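# Structural overview
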Amino acid sequence: MSTTKVPLDSAQRGRGPYVWRFNLMHRWTHFFAMLSFYVLILTGLPLRFACAPFAEPLIRFWGGVEQAGLIHRWMAGFMVAYTLVHIVYIAARFIRSREKKRWLWGSDTMVPHPQDAKDFVAMWKWFFGRGERPRFGRYGYLEKMDYFGEVWGFIVIGGSGFVLWFPEFFGQWLPGWWFNVATVFHGYEAMIAAAFLFTIHFFNVHLRPDKFPLDAVMFTGRATMDYMVEEHPEMEEVLRRNADGPVSERAIHDLPAPPPSRRMTLVGTVLGFVTWGIGLTTIGMILWAVLC
Amino acid sequence: MSVPRRGTLPWRAILALMVPAVMAPAELVARQAPVRPPAASSAGCERCHGELELLRQQSGNLTRAQNLLVPEHVVAGSAHAGMACAECHTGYSRYPHPEPATRTATCASCHQPADTLWQRSMHASADDPVTCVQCHGSHDIRSAAELAAPEGVHGANAPCASCHQSSRIEAHRPHAEGVMCASCHAPHDTRAVDDRESWLAPGRQQQTCGTCHDSVAVRWRTDIHGDARLREAHLAGRQPLADVIVCTSCHTGHRMVGRDDPAFMLESVERCATCHEKASSTFYNSYHGRATALGSRVSATCADCHGAHTVLPDTFPASHVAEANLVQTCAACHPHARPAFVKYDSHPDPFNRARNPWIFYSFFLMNGLLVFVLVVFGGHTLLWWLRLWLDKRRGIIHGIGVHHDPGHAGDQP
């Protein structure tokens, strides 16, 4: 058995060469989503569980309940802003794409596919030892679940939050109990989002034993060939074909990439640990509040 | 003119000591003239009781001498200025003083009404009665007007605090400044608060507090808490009230919280909650309640919607929360409130379908979604972990750069 040191970042394990998985746009959007979600959940949580023992110290940290509300709304505005940028980016990518059919229906699309449902069923079969582990493409149902889960959350939380932000404006037409309903939707959907991201998403990408403790591919943007073959085996043929392609930071998917610098690795590792640390603490706080 | 005993004995004292009457301050004699013989004087007493060294020699004890020492300026600065010593200290007119002296004059000799009231007080019936001098002092006694002056209040309260230490009002609380204990607890007829005759007893408290807070007392008469007949009619025998509601039921006594205190909002909700338990718990389901719980000073509390001293059930046309008045009530904070807007449920109860079915259904829908996500995706997570663990036990190691067949398990590049 080899005694080679295994890198913390599972995306750097195994044999190279490195390939691009996420470009700068993806990475910054994910970073913004992460940042805004953390601030939103930590400013909103004390209000949702105002009776919990952590509510008061947490609200004091933000400088009072009015200040926390202000930060919450600023962050919501920021979230809307980068989401709009993201929509424009996706639209531009699609319009400029020469392979529109592949973009929508290919094996490496982000668009949900019947194959995803089949993979989902196959995965459960594999859990019970009734089959092979499904072979995912560039984006399996796990990634699509994360992405469209956030789209759903953005619509529900954002919509209800917007109504609650301007009650007098919406109260001109909407009966007041809409604000009661919006409060229920806003709080619960936020809890569902936190529960999903901080347990299921974290386990899927970081904490499961075959990737533990960290996968920094969303921070560094690149992963080893072995990582891609293990996690996204359907892409193997494409990756091998591209192996001699150009090396560029402007990240075209599935092309060879330079290995991440030490600094990049450090940033990715620290970000990964800090975020899952805060996330698991938040889950602890929710459980504390619900159970107390 | 009914002048009491005063006047007879001092004359004798003066004659005995042969002190000229002209030594009494002229203006004091003039002021007190109608009730007091003009020649009343303490100059003879002063001769001994103004000299500490003399008293020490006579009594042979410094402490005792200090107790007997009454410098003239102490009495001259008091409410009893101009009165002769013998007017209170009867039986001491001869020297050497008879032992024990027969005292015939008491405070009650002059202050009959105060004494009558005091006789009925808890201070009089105590095992060790609290007498006039214990609160009023003796030689440095001050007038009622002087005690009631803002700068006099601390001095007036000090004797109370010497026994009622724990009842002292903390400096930051209302009534800590400028209010005498006696203003609420009665100066002479002082009684325990649970005494039916106490100034703070249910029937009388409104009047006691109303002495200063008169506008509140007037409004309070229209409040369901303040109007017993209204309350009985409203409840119609449904649930008998355990207690009559008085000012202190909400405001408390010594631990009262002022409007400018950051704790006021939360404290006032907690007071209402002592009786209105359900309304308080549903209030904390709402934004108003939660923001208040976290220290918001602008978020609405009970009194902002229901009124402070004009509380009425929503079935009364004059109620702040009657349907017809809601727009106006909400508009105090939400100036653009419309009839649709005020359909907000400030006391949402997700378990009460009859009250608001939409809250009920959305609550159960979202709980269902939460459970669904936790079961399906949480189950997905747990089973995945279980699969990897079972495989590891069978020698199949999953991992990046690890070969899957058991023969090469654990190989790293």
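Conventions adopted
- Residues numbered from 1 in each chain as written.
- Chains lettered and ligands numbered in written order.
- Predicted model: local features only at pLDDT ≥ 70, side-chain atom pairs only at ≥ 80, totals over all residues.
- Helix = DSSP H or I, 4+ residues; strand = E, 2+ residues; numbered from the N terminus.
- Buried ≥ 20, exposed ≤ 12 C-beta atoms within 10 Å, placed from the backbone.
- Contact = placed C-beta atoms within 7 Å.
- Rg over C-alpha atoms; globule rule 2.2 N^0.38 Å.
- Expected span 1.5 Å × (residues − 1).
- Nonpolar A, V, L, I, M, F, W, Y, C, P; charged D, E, K, R; others polar.
- Core = buried A, V, L, I, M, F, W, Y, C linked by C-beta atoms within 7 Å.
- Pairing = 2+ DSSP bridges.
- pLDDT = per-residue confidence, 0-100.
- Axes fitted to C-alpha atoms, helices over the stretch in contact; angles between N-to-C directions.
- Parallel < 35°, antiparallel > 145°, perpendicular 65-115°, else oblique.
- Left-handed = near helix turned anticlockwise from the far one by under 90°.

So, on to the overall build of chain B. Looking only at helices and strands, chain B has 23 helices and zero strands in total. Counting only residues that meet the buried cut, chain B has 25% of its 413 residues in that class. Expressed as a percentage of contacts within chain B between residues at least 6 apart in sequence, the contacts between residues at least 24 apart total 49%.

Time to look at the overall build of chain A. A count of helical and extended segments in chain A gives 12 helices and three strands. Over its C-alpha atoms chain A spans a radius of gyration of 21 Å, differing by no more than 12% from the 19 Å that the globule rule assigns to 292 residues. For chain A, the C-alpha atoms occupy an extent of roughly 60 × 45 × 45 Å along the three principal directions. Within chain A, buried positions represent 35% of all 292 residues. Taking contacts inside chain A between residues at least 6 apart in sequence as the whole, the part at least 24 apart equals 74%.

This next bit is on unusual backbone geometry. Pro213(A) follows Phe212(A) through a cis peptide bond whose omega is 5°. For Pro213(A), the location among the structural elements is in the loop between helix H8 (177–207) and helix H9 (217–220). A positive phi angle, close to 75°, is found at Ala186(B), a residue other than glycine. Inspection of the secondary structure assignment puts Ala186(B) in the loop between helix H13 (181–185) and helix H14 (202–210). Residue classification places Ala186(B) among the buried residues on the basis of 20 C-beta atoms within 10 Å. For Thr252(B), which is not a glycine, the phi torsion comes out positive at approximately 55°. With respect to the helices, strands and loops of the structure, Thr252(B) is situated in the loop between helix H17 (247–251) and helix H18 (264–273).

Residue and element names in this part refer to chain B. By the secondary structure assignment, Leu-52 is in helix H4 (residues 52–59). Here the alpha-carbon distance between Leu-52 and Leu-69, two residues 17 residues apart in the chain, equals 6.1 Å. Among residues more than four places away in sequence, those in contact with Leu-52 are Ala-65 and Leu-69.

So, about helix H6 (residues 141–165) of chain A. All names here are of chain A. Over its 25 residues, H6 runs 34 Å from end to end, which matches the ideal 36 Å to within 8%, given 1.5 Å per residue. Along H6, the positions that sit buried rather than exposed are Tyr-141, Val-156, Ile-157, Ser-160, Gly-161 and Val-163. As for H6, its buried residues are in contact with helix H3 (65–96), helix H5 (114–127), helix H7 (167–170) and H8.

In this section: the interface of chain B and chain A. Of the residues lining the interface, 46 residues belong to chain B; the matching set on chain A comes to 50 residues. Elements with a minimum of two residues in the side of chain B that touches chain A: helix H20 (287–293) and helix H23 (357–393) of chain B. It is H23(B) that contributes the most residues to the side of chain B that touches chain A, 17 residues altogether. Partitioning the side of chain B that touches chain A into residue classes produces 27 nonpolar, 13 polar and six charged.

Further remarks concern the nonpolar core. Ranked by size, the top nonpolar core spans 52 residues in total, and within it Ile41(A), Val184(A), Phe185(A), Met191(A), Ala194(A), Phe196(A) and Leu294(B) carry the most contacts. For this core, the leading source of residues is H8(A), giving 18 residues. In this structure, Ala11(A), Tyr227(A), Ala257(A) and Ile400(B) belong to the second largest nonpolar core, which totals 17 residues.

The three strands lie next to each other as E2-E1-E3 (chain A), forming an open sheet whose pairing is antiparallel. For this open sheet the edge positions go to strand E2 (222–224) and strand E3 (256–257) of chain A, each flanked by a neighbour on one side alone.

Turning next to the confidence of the model for chain B. Reading fine detail from the predicted coordinates is not recommended where pLDDT is low. Residue and element names in this part refer to chain B. Per-residue confidence for chain B gives a mean pLDDT of 82, with 85% of residues at or over 70. Of all the helices and strands in chain B, helix H2 (residues 26–32) carries the lowest mean pLDDT, 39, while helix H22 (residues 326–331) carries the highest, 95. When the criterion is pLDDT under 50, residues 1–40 qualifies, and its contacts beyond four places in sequence or with other chains add up to 50 contacts. Scored below 50 in pLDDT, residues 404–413 shows 20 contacts in the model against residues more than four places distant or in partner chains. Note on the complex model: pTM 0.79, ipTM 0.91.

The next thing to look at is the environment of Ala273(B). With respect to the helices, strands and loops of the structure, Ala273(B) is situated in helix H18. Separated by 23 residues in sequence, Ala273(B) and Ser296(B) have C-alpha atoms that sit 18 Å apart.

Their axes nearest at 9 Å, the elements H8(A) and H23(B) cross at an angle of 5°. One finds that H8(A) runs roughly parallel with respect to H23(B).

Take the packing of H8(A) against helix H12 (residues 262–291) of chain A next. Residue and element names in this part refer to chain A. For the pair H8 and H12, the least separation of the axes is 10 Å and the interaxial angle reads 135°. Compared by their axis directions, H8 and H12 come out oblique. Considering how the two elements wind past one another, H8 and H12 form a crossing that is left-handed. Together, Met-191, Ala-194, Leu-197, Phe-198, Thr-199, Phe-202 and His-206 of H8 and Gly-272, Trp-276, Gly-279, Leu-280, Thr-282, Ile-283 and Ile-286 of H12 make up the contact between the two elements. Here the contact of H8 with H12 is composed, by residue class, of nine nonpolar, five polar and no charged.

Before going further, it helps to examine the environment of Pro129(B). Residue and element names in this part refer to chain B. Secondary-structure assignment places Pro-129 in the loop between helix H9 (122–125) and helix H10 (132–136). A tally of 13 C-beta atoms within 10 Å means that Pro-129 is categorised as partly exposed. Distance from Pro-129 to Asp-391, taken between C-alpha atoms, is 88 Å for residues 262 residues apart in sequence. Among residues more than four places away in sequence, those in contact with Pro-129 are His-123 and Ala-124.

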